[in-house]
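Descriptive analysis of the structure
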Amino acid sequence: MSKWEIVMGLEVHAELSTKTKIFCGCTTAFGGEPNTHVCPGCAGMPGTLPVFNREVLEYAVKLGLVLGCDISRVCRFDRKNYFYPDLPKAYQVSQLHAPICRGGGLEITTDSGSKFIRLHQIHMEEDAGKLLHERGFTKLDYNRGCTPLLEIVSEPDFATSDEVIAYLEKLREILMYLDICDCKMQEGSFRADVNLSVRKPGEALGTRTEMKNINSFKAITRAIEFESKRHIEVLESGGVLVQETRRWDDDCGESFAMRSKANATDYRYFPDPDLLPLTVDEAMLERVRASLPEVADEKRERYVSLGLSAKTAALITHTRERALFFDEVLALGANAKIAANMLQHMKEELPANDFAELVKAREAQTAQSQNLDEGTLLEVRKQIEKAVAENAEAVADYRAGKQKAFGFLMGQAVKAIGKSASPDVIKSTLAAVLAEMTKE
Amino acid sequence: MTALQLSAQLRAKSRSVVEAVTPALDAAQRNEWGAFLRFDAEYKTRVLERAASVQSRLDAGELSGSPLAGVPIVIKDNISVAGEECSACSRMLAGYKPVFSATVIERLEKAGLVIVGRANMDEFAVGTTGESSVHGGVTNPHNSAHVAGGSSSGSAVAVASGAVPLALGSDSGGSIRLPAAYCGAVAIKPSYGGVSRNGLFALASSMEQVGTIAANVDDALALLEIISGADNRDGTCVAQEPLAFADRKQDLKGVKLAVIAEVSDDIRDALKSAGAELAEIALPMREVLLPTYFIIACAEMASNFARYDGLKYGQRSPQAQALGEIYRLSRAEGFGRAVKTRLMFGTLITTSDYYDSYFRQALKVRGLIKREYDKLLSEYDAIVTPTAAAVAPKLGETPGGKVNECDIFTVFANLGGYPAVTLPCGVGEGGLPLGLQLVGGAFKDAQLGAIARVCEPIVRVTGGGA
């Protein structure tokens, strides 16, 4: 019997880090006392109207440009109608008929090589509120209601959970480097629904199920493993799968049916008459394109061109903050390779300026040390270590940011070493010794 | 006396604001035709406080440049005034008090007008006769055996009966023009996007506008000027500046009017003798106007009204336990029959089974209608029609199916977003008023206003109407 093939597509919801909500001026801050980030508009009171936050469009265009999508010159909002208490208007404003981005995709790398994952579309929408179930009661919190989301819908291009994870990591990295989403899965600002089906190679697509409520990368792997096994077992025992939405319960390690297609809600999508069509003109595209920050891939490429190994470049770009710090240090004239090495060993945070000074000192030391014999260098280092050990108070002052303390330690070192080494060599060795102490 | 003259007297201190609002309070107390809602001692006190507050602003010289300062006005019951019950005359919203005021209310309060009452209306502005209010119907001040017309029935009656010089209504298919015509008042529905809808309970979002009702064109235009213009709380309010009506014409020389067959010879002669160039036209796409309007209005309404779910405000069925019951029973008990019919129709035609054959078709046809009328309105300065096909029908004599035909001449202005005005034009059968409608091109409100000013005295005396 031939093996089963898994076919998956992903729907990722990224909550945007705009200051205010998508259709009103309320804050998007996470948490807060229930119903304190709410106005008549996002509470859906009669007579209120949505007013579109243009920043959301800008964020969507940014992502679309980076992912190579076709940006719609005219896009529109639709209403997705359904009754549920977390939706105060009883419709969600979303985009079905004319989304902001279509097509595009991204290249992922797994142990089995690289693969291009195609995107179907990206659209803008508002989030719903939250229900809190408590002892037989349900409380409503509309703080999250109306916060902006981008829904990134892929084509069914995934075959393994490794590919899914690689895609999500890549997507998350891009969102974070664009600084448009904080991507905290636990807070729900980055969520993924998995559409999964199985088939024998060469056969048509099988019946798919959609899994929701997956809150971590680990849970995604487990959910895919469980659900694909379940599909195969049903099919191999001669059963029939139902097209349905399932809720992943990570504690039980199982998925549970929520609703089948047969009794699925008809969302009665239709164009929202309260929101005029949005246009994206060439000028806006140019402006957004010009404002695009360098994303991680581009940074890694640049670092490798500066002589760093691919591995080191990846370590530096692991977080956006670290990469931005590294760039700042480079901009201050520090040597990339030395800075990269020192950065990996840096234990406590330093201002970029101070760090750049240390890197430069190390560089100078490396250069000048080449002109002195090994014995002299060792002696210089020994004297400096002694001076440092004898002046713990000055060292503490230096570490607290007092530049004068460096001067004092320098004086002590010169006194001990005399003229056997130049002040430059003494200075750079002292800086190196202090830096090493710092990282311990 | 016009509202503008009344305000001039108040600003000149020859009368007080309390004196100016007293006739309105007396009329609200008598409430002979059912136009006023919830008027009691407490409300009266609130009105007198408002009058006193405007008086002190006048005394401080604050409102010297405000042409309608101190003038009493009534507000249709679907326009929010902060803290004041506003139920759209439905059981569904009984006791509901908005926490914010509509933009139009903020503007008229700033301009020193005095809100003296809430006007009765068809439930949720659904209706053409003014009979579907949960508070009981409104009757015609010219003959109380006849309807006032709807949905802005109370607003039109309050003005036409002389209780107040001004009223606000809303118009999604003819809802201010029809009752104004039936009762003998002037009403203006501005271009779509000319006035903010913020604070107006949404019915047919893509077609409705707040409009003004007055005894004469000048007053109606002055009020419209105050409430119109850009608003950052309504993205569809695209007007950059308030609508301005400074343009005046001496006569109708050079004015091109497209007239339909139903307009009488007397009216034609009068318009011609004032210098207008008349052309005979047939109302384009006449047979599809009402179905197209009805489909779009019901679809939008079904979605807009889904928020009335019994959870957060308004009616919640005391029998309801589970969530599904709260939705089902609250809505079943809260909405009246006419509203429910439209909600069910609007829901049906947006389901995936019917979307393509009804809703999508209606959107397409609306595009075609707009193209036809845009073309016509680029060739003519206004289209002239009767506002309604006949005088106000008798109470209870307009069964559901036929009612819609009352709107046959009014809905194209909503489908295309055009400004439209109705002028009293004599009396018809049984001595009941008739109205003449003028419709102009989108955002040519000023030009339409100028034409209406010239037409007003001509058609008023000509009579014989449609």
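In this convention, every chain numbers its residues from 1, walking through the sequence in written order. Both sets of labels track the order of writing: A upward for chains, 1 upward for ligands. Confidence filtering applies because this is a predicted model: local features only for residues at pLDDT of at least 70, side-chain atom pairs given and counted only at 80 or more, and all residues used for totals across whole chains, interfaces and linings.

A short note on the overall build of chain B
- For helices the rule is a DSSP run of H or I covering at least 4 residues; for strands it is a run of E covering at least 2, with both sets numbered from the N terminus onward. For chain B, the count of helices and strands is 15 helices and 13 strands.
- The C-alpha radius of gyration computed for chain B amounts to 21 Å, which stays within 12% of the reference 23 Å derived for 466 residues, consistent with globular compactness.
- Dimensions along the principal axes, computed over C-alpha positions, put chain B at roughly 70 × 60 × 45 Å.
- Any residue with 12 or fewer other C-beta atoms within 10 Å of its own C-beta is exposed, any with 20 or more is buried, and the rest are partly exposed; the C-beta atoms used are placed from the backbone. Residue burial in chain B is summarised as follows: out of 466 residues, 59% are buried.
- Residue pairs in contact within chain B that sit at least 24 positions apart in sequence constitute 72% of those at least 6 positions apart. For the radius of gyration, the atom set is restricted to C-alpha positions; the globular benchmark scales as 2.2 Å times the number of residues to the power 0.38. In this description, any two residues whose backbone-derived C-beta atoms lie within 7 Å of each other are considered to be in contact.

Focus on the overall build of chain A
- Of regular secondary structure, chain A possesses 13 helices and 17 strands.
- Relative to its length of 440 residues, chain A is extended, with a C-alpha radius of gyration of 28 Å against a globular reference of 22 Å.
- Oriented by its inertia axes, the alpha-carbon framework of chain A measures out at about 90 × 65 × 55 Å.
- In chain A, which comprises 440 residues, the proportion classed as buried is 37%.
- When contacts within chain A are restricted to residue pairs at least 6 apart in sequence, those whose partners lie at least 24 apart make up 68%.

So, the pairing of strand 7 (residues 186-189) of chain B
All names here are of chain B.
- By the alternation rule, side chains of strand 7 split into Val186 and Ile188 and Ala187 and Lys189, which are all buried.
- As defined by bridge partners, strand 7 adjoins strand 12 (residues 420-427) across 3 bridges and the pair is classed as antiparallel. Across the sheet, residue Ile188 finds its bridge partner in strand 12, namely Val421. In short, DSSP must find at least two bridges between two strands for them to pair.

Focus: helix 10 (residues 323-334) of chain B
Residues and elements named next belong to chain B.
- Helices are assigned an expected span. That span is 1.5 Å times one less than the residue count. Taking 1.5 Å of rise per residue, 12 residues should cover 16 Å, and helix 10 covers 16 Å from first to last C-alpha, within 8% of that figure.
- Among all positions of helix 10, only Tyr327, Ser330, Arg331 and Gly334 are buried. End-on, the buried residues of helix 10 take up no more than an arc of 95 degrees, which puts them together on one face. Exposed and facing more than 90 degrees away from the buried side of helix 10 are Gly324 and Ala332. Along the arc lie the directions from the helix axis toward the C-beta atoms.

Concerning helix 5 (residues 296-305) of chain A
All names here are of chain A.
- Where helix 5 is concerned, the buried positions are Ala296, Lys299 and Tyr303. Considered in projection along helix 5, the buried side chains sweep an arc of 60 degrees and stay on one side of the axis. In this structure, helix 5 carries Glu301 and Ser305 as exposed residues pointing more than 90 degrees from its buried face.
- For helix 5, the secondary structure elements touched by its buried residues are helix 2 (161-177), helix 6 (310-316), helix 7 (320-331) and helix 8 (336-345).
- Downstream of helix 5 by a residue or two, Gly307 has a phi angle that is positive, lying close to 105 degrees.

Points about the interface of chain B and chain A
- Of the residues lining the interface, 32 residues belong to chain B; the matching set on chain A comes to 24 residues.
- Among the elements of the structure, helix 9 (286-304) and helix 10 of chain B are those that each provide at least two residues to the side of chain B that touches chain A.
- With 3 residues, helix 9 of chain B is the single largest residue contributor to the side of chain B that touches chain A.
- Side-chain classes follow a simple rule in which Ala, Val, Leu, Ile, Met, Phe, Trp, Tyr, Cys and Pro form the nonpolar group, Asp, Glu, Lys and Arg form the charged group, and the remainder, Gly included, forms the polar group. Among the residues forming the side of chain B that touches chain A, the class breakdown is 12 nonpolar, 13 polar and 7 charged.

A short note on the sheet that holds strand 3 (residues 114-119) of chain B
All names here are of chain B.
- Pairing is mixed in the open sheet, where 11 strands are placed in the order 1-3-2-6-8-7-12-13-11-9-10. Each edge of the sheet is formed by a strand with only one pairing partner; in this case those strands are strand 1 (36-37) and strand 10 (277-280).
- Alignment of strand 2 (residues 72-76) against strand 6 (residues 166-171), held across 3 bridges, turns out to be parallel. Note that in strand 6 the partner of Val74 across the bridge is Ala167.
- Across the sheet, helix 15 (residues 445-462) touches strand 11 (382-386), strand 12 and strand 13 (433-439), and the angle it forms with strand 12 is around 10 degrees. Only the stretch in contact is used when a helix axis is fitted, and all axes are lines through C-alpha atoms; the angle between N-to-C directions ranges over 0 to 180 degrees.

Concerning the environment of Leu57(A)
Residues and elements named next belong to chain A.
- Mapped onto the elements, Leu57 comes out in helix 1 (residues 54-66).
- Residue class for Leu57 comes out buried when judged on the 20 C-beta atoms lying within 10 Å of it.
- Residues Leu57 and Ile100, 43 residues apart in the sequence, show an inter-C-alpha distance of 8.1 Å.

Overview of the sheet that holds strand 16 (residues 270-271) of chain A
Residue and element names in this part refer to chain A.
- Strand order in the open sheet made by the 3 strands is 5-4-16, with antiparallel pairing throughout. The open sheet has two edge strands, strand 5 (91-94) and strand 16, and neither has a second partner.
- The sheet contact formed by strand 4 (residues 78-81) and strand 16 spans 2 bridges and is antiparallel. Within the sheet, the bridge partner assigned to Asp78 lies in strand 16 and is Pro271.

Focus: unusual backbone geometry
- A cis amide bond links Gly150(B) to the next residue, Ser151(B), at an omega of 5 degrees.
- Relative to the elements of secondary structure, Ser151(B) occurs in the loop between strand 5 (143-147) and helix 5 (153-160).
- Positive phi outside glycine occurs at Cys146(A), with the angle close to 75 degrees.
- You can see Cys146(A) is positioned in the loop between strand 10 (137-141) and strand 11 (148-154).
- Positive phi values are uncommon outside glycine, yet Cys89(B) reaches one of about 55 degrees.
- Relative to the elements of secondary structure, Cys89(B) occurs in the loop between strand 2 and helix 4 (103-110).
- The exposure class of Cys89(B) is buried, given the 32 C-beta atoms found within 10 Å.

Describing the domain arrangement of chain A
- Each domain's extent is set by a domain assignment, obtained either automatically or from a database. Along its sequence, chain A is organised into domain 1 (5-286) and domain 2 (295-439).
- One C-alpha centre belongs to domain 1 of chain A, the other to domain 2 of chain A; they are set 46 Å apart.

Examining the nonpolar core
- Nonpolar cores are identified as sets of buried Ala, Val, Leu, Ile, Met, Phe, Trp, Tyr and Cys residues joined via C-beta atoms within 7 Å. Ranked by internal contacts, the top residues of the largest apolar core, which has 161 residues, are Ile73(B), Val114(B), Val116(B), Val159(B) and Ala185(B).
- Sorting elements by how many residues they give to this core places helix 9 of chain B first, with 10 residues.
- Contacts of Val159(B), omitting those with residues within four sequence positions, involve Val164(B), Pro165(B), Leu166(B), Ala167(B), Ala185(B), Ile213(B), Ala214(B) and Ala215(B).
- Among the nonpolar cores identified, the runner-up in size contains 64 residues, and Cys24(A), Val56(A), Ile174(A) and Ala223(A) belong to it.

With respect to the packing of helix 9 of chain B against helix 12 (residues 355-379) of chain B
Residue and element names in this part refer to chain B.
- Helix 12 packs onto helix 9 with a crossing angle of 125 degrees between their chain directions and a minimal axis gap of 9 Å. Taken together, the axes of helix 9 and helix 12 lie oblique to each other. With respect to the hand of their crossing, helix 9 and helix 12 are arranged in left-handed fashion. Contacts between helix 9 and helix 12 pair Val288, Leu289, Thr292, Ile295, Ile296 and Ala299 from the former with Tyr358, Phe359, Ala362, Val365, Arg366 and Ile369 from the latter.
- Of the residues belonging to the contact of helix 9 with helix 12, the class tally is 10 nonpolar, 1 polar and 1 charged. Oblique is the label for any angle not covered by the other classes, which are roughly parallel (under 35 degrees), roughly antiparallel (over 145) and roughly perpendicular (65 to 115). By the definition used in this description, the sense in which the near helix is turned from the far one sets the handedness, with an anticlockwise turn below a right angle giving left-handed and a clockwise turn giving right-handed.

Structural notes on the environment of Glu107(A)
Residue and element names in this part refer to chain A.
- Relative to the helices and strands, Glu107 resides in strand 7 (residues 105-110).
- Expressed as a C-alpha distance, the spacing of Glu107 and Arg208, which sit 101 residues apart in the sequence, is 25 Å.
- The residues touching Glu107, leaving out its near neighbours within four places in the chain, are Ser114 and Phe116.

Thoughts on the confidence of the model for chain B
- Residue-level pLDDT values for chain B average 95, and 98% of them are 70 or greater.
- Reported confidence for the predicted complex is 0.94 by ipTM and 0.89 by pTM. As a per-residue measure, pLDDT reflects the predictor's confidence and takes values from 0 up to 100.

Describing the packing of helix 9 of chain B against helix 11 (residues 337-348) of chain B
Residue and element names in this part refer to chain B.
- Running from N to C, helix 9 and helix 11 point in directions that differ by 100 degrees, and their axes come no closer than 7 Å. It follows that helix 9 is roughly perpendicular to helix 11 by the angle criterion. Taken together, the residues of helix 11 that come into contact with helix 9 (itself represented by Cys298, Ala299, Met301 and Ala302) are Arg342, Leu343, Phe345, Gly346 and Thr347.
- Each residue belonging to the contact of helix 9 with helix 11 can be placed in one class, and the counts come to 6 nonpolar, 2 polar and 1 charged.

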